[in-house]
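Each chain, letter by letter, is given below.
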Amino acid sequence: MRITPVERDAASAALGCPMWELGPCAGCGQLMRRYGRYAAMYCRVCRAVLNGP
Ligand SMILES: [Zn+2]
């Protein structure tokens, strides 16, 4: 998956985190907060799927 600087910039603004905390979700590959203080392996959507209904 390729992420352009523009997309990365937009994602960091949307997620409210610095760009260096962005990374791909381990499940679906979308940009999410992957590093730093509030880091997680999976995005909220994938966590919901993993946790079940
Ligand atoms: Zn995901």
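Bear in mind the structure is a predicted one, so any value in this text is a computation, not a measurement.

J.: An account of the coordination of the zinc ion is requested, with residue identities and associated values reported.
T.: With distances of 2.3 to 2.4 Å, the protein atoms coordinating the zinc ion are Cys-25 (SG), Cys-28 (SG), Cys-43 (SG) and Cys-46 (SG). Around the zinc ion sit four donor atoms, and with donor-metal-donor angles ranging over 106 to 114° the site reads as tetrahedral. Each donor residue of the zinc ion belongs to the same chain, and together they define the spacing C-x2-C-x14-C-x2-C. Judged by relative accessible area, which is 5%, Cys-25 ranks as buried.

J.: Mind laying out the pattern of salt bridges, listing which residues take part and the relevant values?
T.: Here the structure, examined in full by the defined rule, presents one salt bridge. Note that Arg-33 and Glu-21 form a salt bridge whose closest N and O atoms lie 2.7 Å from each other. Taken together, the residues span a long stretch of sequence, with Arg-33 in strand β2 (residues 31-33) and Glu-21 in the loop between α1 (5-15) and β1 (22-24) at a distance of 12 residues. According to the relative accessible area criterion, Arg-33 is partly exposed, its value standing at 22%.

J.: Explain the layout of surface pockets to me, using residue names and the numbers behind them.
T.: Empty space among the atoms can be located by rolling a probe the size of a water molecule over them. Its volume calculated, the largest pocket comes out at about 240 Å³. Lining the largest pocket are Leu-15, Gln-30, Met-32, Arg-33, Tyr-38, Ala-40, Cys-43, Arg-44, Val-45 and Arg-47. Looking at the lining of the largest pocket, the elements that each hand over two or more residues are β2 and α2 (44-51). Here the element with the most residues in the lining of the largest pocket is α2; it accounts for three residues. Grouping the amino acids of the lining of the largest pocket by side-chain chemistry returns six nonpolar, one polar and three charged.

J.: Account for the side chain of Arg-34, naming residues and giving values.
T.: Within the secondary structure, Arg-34 is located in the loop between β2 and α2. Among buried charged residues, Arg-34 stands out as having no salt bridge; its nearest opposite-charge side chain is Glu-21, 12 Å away. Engagement of the side chain of Arg-34 in a polar contact is seen with the backbone oxygen of Pro-24, the distance being 2.8 Å.

Here is what the cut-offs are and how they apply
- Residues numbered from 1 in each chain as written.
- Predicted model: local features only at pLDDT ≥ 70, side-chain atom pairs only at ≥ 80, totals over all residues.
- Heavy atoms only, no water.
- Donors = N, O, S within 2.8 Å, 3.2 Å for Na, K, Ca; no water.
- Tetrahedral: all angles 85-135°; square planar, octahedral: opposite > 155°, others 65-115°.
- Buried < 20%, exposed > 50% of the residue type's maximum accessible area, 1.4 Å probe, protein only.
- Salt bridge = Lys/Arg side-chain N within 4 Å of Asp/Glu carboxyl O.
- Helix = DSSP H or I, 4+ residues; strand = E, 2+ residues; numbered from the N terminus.
- 1 Å grid on protein atoms, 1.4 Å probe; cavity = no way out; pocket = protein on both sides within 12 Å on 5 of 7 lines; lining within 4 Å.
- Points joined across faces, edges and corners; volume = space filled by probe spheres on them.
- Nonpolar A, V, L, I, M, F, W, Y, C, P; charged D, E, K, R; others polar.
- Lys, Arg positive; Asp, Glu negative; His and termini not counted.
- Polar contact = N/O pair within 3.5 Å; in protein donor to acceptor, adjacent residues only side chain to side chain.

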